[in-house]
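Each chain is listed here by its residues.
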Amino acid sequence: MIAVTHVPSPRLQDGERTYVGETTVDYALALRQHAAYRDALRACGADVITLDVNRALPDCVFVEDTAIVLDELAVMMSMGAESRRDEPSGIEPTLRRFRTIERVVLPATIDGGDVVRRGRTLYVGESLRTNAVGIAALRDVVRRYGYTVIGVAVSGCLHLKSACSALPDGRLLVNREWIDVSPLPPAVLVDVPAAEPWAGDVLVINNRIIASDAFPRTADLLEHCGFDVVPVAVSEFAKVEGGVTCLSLVFEQ
């Protein structure tokens, strides 16, 4: 497994915010948390690549949004926030080492954080960052490789992955208050505890689950489901609407 990460920008405080209020980011703590996050990726068996190409861009640490990496190709995103549209070009050379590159372009907009993969199906959030044109454009690209794209309305959070993550056994961890779950298979849904609405964002690597340590009830739930949970602290990234999936692009070499 490869995990592509990016060092936090000194301008992290200036990152985009939509559903969270503006609070002060402790940058020194963010650096320590990011280092510990990279250690967790390694502990789960990933080879970590840490980039420093977009340092001047406040949201550069949220590298997941720049692309999606499938078995056959990487698709560079056309990002919904104008302030972030220079990020994918910095990430592309690294992904090109591992995959053929395709891309979505304006007026289509799409963020990688809106794409949840379950087998050969990609659930794509129609959100403030991803529009219907972006979903259609991604569908046109990936159907040539045998993938199906299904749109999911997102209304209560920034990205689909803020409220929906794929688990190792094919189930989906969801906060159904923030998304329309009707396009999702009902038999595979696992609900986050009501007291932890932000807990739907978890990262699977080699059948282990990296999850924010801010959500102990969700960790207990996942452990009771038989999963090995690796807690990490991401408080400073949560202040800029980030979670554990946002901080890396993970794929098989």
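Everything quoted here is computed from the prediction, not taken from an experiment.

Participant: Would you mind showing me how to read the packing of aromatic side chains here?
Facilitator: By convention here, two paired aromatic rings are described through the distance between centres and the angle between planes. Throughout the structure, instances matching the rule amount to three aromatic pairs. A ring pair is formed by Phe 62 and Phe 237, whose centres lie 6.4 Å apart and whose planes are at 85°; its orientation type is edge-to-face. Within this pair, whereas Phe 62 is found in the loop between strand S2 (47–51) and strand S3 (67–69), its partner Phe 237 is found in helix H5 (residues 235–238), the two being separated by 175 residues in sequence. Its relative accessible area of 3% is what places Phe 62 among the buried residues. For Phe 237, a relative accessible area of 0% gives the class buried. Consider the rings of Phe 98 and Phe 251, whose centres lie 5.5 Å apart with planes at 65°: the pair is edge-to-face. Here Phe 251 lies in strand S15 (residues 249–251) and Phe 98 lies in the loop between helix H2 (87–96) and strand S5 (100–103), a separation of 153 residues in the sequence. The ring of Tyr 147 carries the charged tip of Arg 120 above its face, separated from the ring centre by 3.9 Å.

Participant: Even after reading the chapter, I still don't get the nonpolar core, so can you show me in this structure?
Facilitator: Side chains of a nonpolar character, in soluble globular proteins, are inclined to be buried together. Counting residues in each nonpolar core, the largest one holds 23 residues, and the members touching the most others are Leu 12, Tyr 37, Leu 41, Phe 62, Ile 210 and Phe 237. Considering each element in turn, this core owes the most residues, four residues, to helix H1 (residues 27–43). If near-sequence neighbours (up to four positions away) are discounted, Ile 210 is found in contact with Tyr 37, Ala 40, Leu 41, Cys 44, Val 202, Leu 203, Ile 205, Val 230, Val 232 and Val 244. By size, the runner-up hydrophobic cluster in this structure holds 18 residues, among which are Ile 68, Met 79, Ala 108 and Ile 135.

Cut-offs applied
- Residues numbered from 1 in each chain as written.
- Predicted model: local features only at pLDDT ≥ 70, side-chain atom pairs only at ≥ 80, totals over all residues.
- Heavy atoms only, no water.
- Phe/Tyr/Trp six-rings, centres within 6.5 Å; stacked < 30°, edge-to-face > 60°.
- Helix = DSSP H or I, 4+ residues; strand = E, 2+ residues; numbered from the N terminus.
- Buried < 20%, exposed > 50% of the residue type's maximum accessible area, 1.4 Å probe, protein only.
- Lys NZ or Arg CZ within 6 Å of the ring centre and 35° of its normal.
- Core = buried A, V, L, I, M, F, W, Y, C linked by side-chain atoms within 4.5 Å.
- Contact = heavy atoms within 4.5 Å.

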